[in-house]
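Secondary and tertiary structure notes
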Amino acid sequence: MSSIYQDPTFAKYWNDRAGNEGEAYKRFVLDPLMFDLVGNMSGKTILELGCGNGYLAKQFLMNNPSQVIL
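**Some words on the overall build of the protein chain**
On a plain count of helices and strands, the protein chain comes out with 3 helices and 2 strands. If you list the helices and strands of the protein chain from N to C, you get α-α-β-α-β. Considering only C-alpha atoms, the protein chain reaches an extent of 40 × 25 × 15 Å along its principal axes. Within the protein chain, the proportion of its 70 residues that are buried is 21%. Contacts spanning at least 24 positions in sequence make up 31% of the contacts within the protein chain whose residues lie at least 6 apart. For the protein chain, the accessible area works out to roughly 5200 Å², and carbon and sulfur atoms hold 59% of it. On the protein chain, the mean spot of the 6 positive side-chain charges and the mean spot of the 7 negative ones are 2 Å from each other.

**Some details on the nonpolar core**
Phe35, Met41, Ile46, Tyr55, Leu56 and Phe60 together form the largest nonpolar core, which totals 6 residues. Excluding its chain neighbours within four sequence positions, the residues that come into contact with Phe60 are Met34, Phe35, Met41, Ile46, Glu48, Pro65 and Val68.

Definitions and cut-offs
- Residues numbered from 1 in each chain as written.
- Predicted model: local features only at pLDDT ≥ 70, side-chain atom pairs only at ≥ 80, totals over all residues.
- Heavy atoms only, no water.
- Helix = DSSP H or I, 4+ residues; strand = E, 2+ residues; numbered from the N terminus.
- Buried < 20%, exposed > 50% of the residue type's maximum accessible area, 1.4 Å probe, protein only.
- Contact = heavy atoms within 4.5 Å.
- Areas by Shrake-Rupley, 256 points an atom, 1.4 Å probe, with all protein chains shown as cover.
- Lys, Arg positive; Asp, Glu negative; His and termini not counted.
- Charge placed at Lys NZ, Arg CZ, Asp CG, Glu CD.
- Core = buried A, V, L, I, M, F, W, Y, C linked by side-chain atoms within 4.5 Å.

So, in structure tokens, the structure goes:
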């Protein structure tokens, strides 16, 4: 293992912490700001880098993009 990010225990901790909906500060502060900045996603291709467990994918899909790449 060359990095803590490759440690399965570390990855499980962050996945459990984020859960299916993200942490509270992201869900109520950061995510709404991001969606406001991005604006209308209809017909766009969304590329999410550094997406962790991909909990935002469901929200992206509800905004009618042409595709979401995780």
